[in-house]
Structure formats: structure tokens, C-alpha cells
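A closer look at the structure
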Amino acid sequence: MKEKNFDKNKQQEPFDLEKRLTAYYGPPLQEQPLSSSSWQNLRLRLDSQEDVGRGGRFHWPLPRKRSRADVPPSIQDALARIAYEARIPYIPSMLRCQLALRVQEPTVHGSWLGKRTIRLLLPVNAVTTMGQAELDVLLATGLARSICARKPTYILGRLLLAGVVLLAGIMLTLFWTHHLPLVGFSIALMLCASVAGLLHMQARSIAFHADTLIVLWLGREPVCSGLHALANRSRAPRRRRWGEPSLVERIGRVCGTRMEARENQLTLIG
Amino acid sequence: MATCETELIESATHGDQEAFRHLWEAHHAAAMAAALRLCHQRALAEEITQGAFLLAWRGLPRFQKGSPFRPWLMRILYRHALDTMEKQRTYLQPLSLDVVLESEVPLSLDSHMEQADLQEQVALREEVQHALAQLNAEQRKVIALRYGADLTEVDIAQVLGWPVGTVKSRLNRARERLRVLLNDGGR
């Protein structure tokens, strides 16, 4: 049955479905070893937890998070060491690490509310290419920001701002019922814009506060090395995001050097 | 060997990629051969093989301790191959001489087939492929596993998670349909 049939007179023979199908698929093939790069590709996918077809089951289109067990041991060790320096109990579940193919530069977020978690987003190749100083600064940044954001003054500020947003909602409703929707909308918009601006300022303040903590934990020189390495990796080290100082700003504050210094390679990297 | 494999599986279950690499080295060539026989395209077969190992890596915590690794892996591979082929509609892609040569390199070298023989082979395959494209997905799956993986009806039932009776009836219906389609095509 597994014999190949390549007879020239096949079409003259009586029709045999079994033979046709067996010929279509062919005999069992000899083992087909793949190159070592194939394993490397697979290994990359094991790390990145890239998605593959899963039998038609429905999955919410949310980014997949790495579980605690998936976080590379080197990253877990680094966080444990930083937590020890910061006199904070190290809980492995506090770190969520995600490797993404489309991400160009590593980013970190520390939670502001609820359970203290650090979300680390890394490019796929970062695990192998990232230096210890960069990793330490990233992890310490996430940890320090989540600590700073929980300070009573910042929490009070956020509560007040939430109250302002509520007030804006109430005013909008009131003006709407009094047939003055445009006035109500303008006031609500102004209030919300002010809240967004104040939140932005608060987030920057938290970020700078956190940098001070990082220097206390890791020492100024390693932090500078890490920040410079991150700036070198970044495509736009001067770019500011909402609530986030640029890397150049952070370097200026922490290391006392400016962008010109970096461009002239006058960094503090040893 | 079995004990060694059990240890490797145990380590890989706990996230040891080095242990999983040993499992890959021991089984990937057989998996690749099985995938290539099913889909006839080397690049797709490699993608299927990698995907199957990725699924196996994720499924290791559910692996039944003490049972052999390869049959489990092959069940994953077959399921994944069939899903991938359906998703990519490989049955609708035209066969070329290159594909036949690519999928059966040893055969073409050993038997010294001439160009005309190969072309005839491609034509016959195209005819079967065209008929397979007219079956429904379930029928295509049972045919692929029966003739492309040489599985018994019981094994097919295990791979696809269907009752054996369902496999038998779908296989019979698929054969009947193919007989009609290929007979009509041959005339």
C-alpha cells in the first residue's frame, strides 16, 4: 500500500482510489533534520510566547502576559537584588514581563494603585543584548515609581483631581438641563484639560522622585551608566511622553550631564 | 532512554529550555518528515513542526507522566498541521514540479525519473488535490490522517477527538465523494 506507483500506464488501469490517495501523499519520508537556526527560531518563540493557532478556540485580543515562571531568571534575580537594596520584600509575582516583536526600546511601568506590580515591556532581543546596568535601572524605575505613587500626598492629589472630574460631569449635566449645553461643555472641557495637565505634572514629579530613590538604592554611577545605555538604545532620547520625562532630562538631573555631553561621548560610563 | 526522556520532560515542564532542546533534537526530524508528507511544502512543514513543538512546550504540564513522548507530540503535530493547512487553504494552491521535487528529493534521485514522468505525477496529484478541495474540512482531515499519516480509525479518533463511528462514517463519505469526483475527472 505504501509502495510508490509511477507506472506510465496508470490511467489505463481500473480506477483505484486507495492507490491514487497513497500516491498523492507518497510513502513515509525519511527523517528530515532541520538546521540549528530552526531551533534558534523556536527558542525565540518559546521566549516570546508568540501565539500559534489553537484549534479555533476564542481568545480575547489582549497582549499575552508572561507568567512568573516565564520571566527569565536573570531578570528575576536582578529585581530580587534591587528589592533587597530598597528594603522591600521581594514577591516574584510583582514582576510582569512581556517580550514583544514590534517594540523597539524597553519600557517599564509601575502600578499606581492596588497591588504593587512592575510591568516590563522588552524587545525580543533585549534578554540577550541588554546590559546589567540598563536592566537594573529599568526594574528600579518601575519599583521606585510604584512606591512613590503610593505616597499620601500623591494619592490625595489624585483624589482631588478625581473630584474635579466628577464636578465637571455634574456641571455638564446641570448646564445641559438648563439648556446651556455649550457653556457646560466648555467648562467641563476646561476642567478636564486642567486635570490632565495636573496629572501629567504629578506623574513627572513621581518620576523625578523615583530617580532620587534609584540613586539611593543603586548608586549614582551605575544609574548613570544604565540611563546612558538606555538613551543609546533609544531612537529618540529627547522625546517626552505624557507624564514621562525624556531620558535626556533624567540624565541631566541624575548625572548632571546634558545631551551635548552624550553626543561628545563624555558619559560617565567607565 | 525512556528514563532519560522522562527526566527531560520533567525538566522541560519546569521551564528548562535546554531539556526541551534535547527533546527537539530527538524528535524534530521525524515530526518534520510527517509534516512534509502531509503538506508537501518544505517551508510550511518547518513552520508546522515549530508550531507543534511550541504547542507541546505549552502543553507539557498536561503531559501524562510515564507515557511516551513521540505519540503525544505527533498527535499535536497532526492537529496543528491540519488546522494550519485549512487556514492557509493549501488544497487550493497550485502544485508545481518544484514542489514535488522538493518534497521527495530522495525518490527523484533514486528512481531517475524523467521530466515527463514527473509532469505526469504532478498532473495526477493536481487531480487528487482538486478533488480534495471539494470535500468539506472534516472529510479532508480524515483522508489526510488515513493516507498521509497512515493512522488507523482508532488513532484518527484520538487525534481529532471524535468518536470512532464518526471517523468511520466521515471516511466512508469522503471516499465515496472522491470516487465520484476522480472518476468524473478521469473521464
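For clarity, every value in this text was computed on a predicted model and none was experimentally measured.

About the thresholds
Residues numbered from 1 in each chain as written. Chains lettered and ligands numbered in written order. Predicted model: local features only at pLDDT ≥ 70, side-chain atom pairs only at ≥ 80, totals over all residues. Core = buried A, V, L, I, M, F, W, Y, C linked by C-beta atoms within 7 Å. Buried ≥ 20, exposed ≤ 12 C-beta atoms within 10 Å, placed from the backbone. Helix = DSSP H or I, 4+ residues; strand = E, 2+ residues; numbered from the N terminus. Contact = placed C-beta atoms within 7 Å. Axes fitted to C-alpha atoms, helices over the stretch in contact; angles between N-to-C directions. Parallel < 35°, antiparallel > 145°, perpendicular 65-115°, else oblique. Left-handed = near helix turned anticlockwise from the far one by under 90°. Nonpolar A, V, L, I, M, F, W, Y, C, P; charged D, E, K, R; others polar. pLDDT = per-residue confidence, 0-100. Pairing = 2+ DSSP bridges.

**A few points about the nonpolar core**
Of all hydrophobic cores here, the largest spans 51 residues; its most connected members are Ala31, Ala35, Leu77 and Ala81 of chain B. Looking at this core, the element that brings in the most residues is helix 2 (residues 17-39) of chain B, giving 11 residues. Among all residues touching Ala35 of chain B, those that are not within four sequence positions of it are Ala45, Ile48, Thr49, Leu77 and Ala81 of chain B. Grouped together as the second largest cluster of nonpolar side chains are 38 residues, Ala144, Trp217, Val248 and Ile251 of chain A included.

**Examining the packing of helix 8 (residues 137-148) of chain B against helix 9 (residues 153-160) of chain B**
Residues and elements named next belong to chain B. Here helix 8 crosses helix 9 at 130 degrees, and the two axes come no closer than 10 Å. The pairing of helix 8 with helix 9 is recorded here as oblique in orientation. Every pair of crossing elements has a handedness; the one defined by helix 8 and helix 9 is right-handed. Across from Lys141, Val142, Leu145 and Arg146 in helix 8, the residues of helix 9 making contact are Ile156, Val159 and Leu160. Of the residues contributing to the contact of helix 8 with helix 9, the split by class is five nonpolar, no polar and two charged.

**Focus on helix 8 of chain B**
Residues and elements named next belong to chain B. The buried count for helix 8 comes to 10 of 12 residues, which makes it a mostly enclosed element. Every buried residue of helix 8 is accounted for by Gln139, Arg140, Lys141, Val142, Ile143, Ala144, Leu145, Arg146, Tyr147 and Gly148. Phi turns positive, to about 55 degrees, at Asp150, one or two residues after helix 8.

**Quick word on the confidence of the model for chain A**
All names here are of chain A. Residues with a pLDDT of 70 or more make up 78% of chain A, whose mean pLDDT is 76. Looking over chain A, one finds the lowest element-wise mean pLDDT in helix 10 (residues 259-263), namely 43, and the highest in helix 5 (residues 132-148), namely 88. Low pLDDT (under 50) marks residues 1-13, which in the prediction has 15 contacts with non-local residues, meaning those over four places away or in another chain. Taken together, the stretch residues 259-270 has pLDDT below 50 and engages in 20 contacts with residues farther than four places along the chain or on a different chain.

**Details of the sheet that holds strand 2 (residues 107-110) of chain A**
Residues and elements named next belong to chain A. Taken together, the three strands give an open sheet; going across it, the order is 1-3-2, and neighbouring strands pair in mixed fashion. The open sheet is flanked by strand 1 (95-100) and strand 2, the only strands paired with a single partner. Strand-to-strand, the axes of this sheet are offset by a mean angle of 15 degrees, without reference to chain direction. Sheet analysis places strand 1 next to strand 3 (residues 118-123), joined by six bridges and oriented parallel. If you follow Gln98 over to strand 3, its bridge partner there is Leu121. Helix-sheet contacts for helix 5 involve strand 2 and strand 3, and the interaxial angle to strand 2 is about 20 degrees.

**Considerations on the confidence of the model for chain B**
Residue and element names in this part refer to chain B. For chain B, per-residue confidence averages 84 on the pLDDT scale, and 84% of positions sit at 70 or higher. Model confidence for chain B, summarised as mean pLDDT per element, is weakest for helix 6 (residues 105-111) at 46 and strongest for helix 8 at 93. Counting interchain partners and residues more than four positions distant, the pLDDT-below-50 stretch residues 105-110 has four contacts. Under the prediction, the complex receives an ipTM of 0.83, its pTM being 0.50.

**A few points about the environment of Tyr91 of chain B**
All names here are of chain B. Examined against the element boundaries, Tyr91 turns out to sit in the loop between helix 4 (69-88) and helix 5 (97-103). Taking the C-alpha atoms as reference points, Tyr91 and Val128, separated by 37 residues in sequence, lie 9.7 Å from one another. Discounting chain neighbours no more than four positions away, the residues touching Tyr91 are Gln129, Leu132, Ala133 and Arg140.

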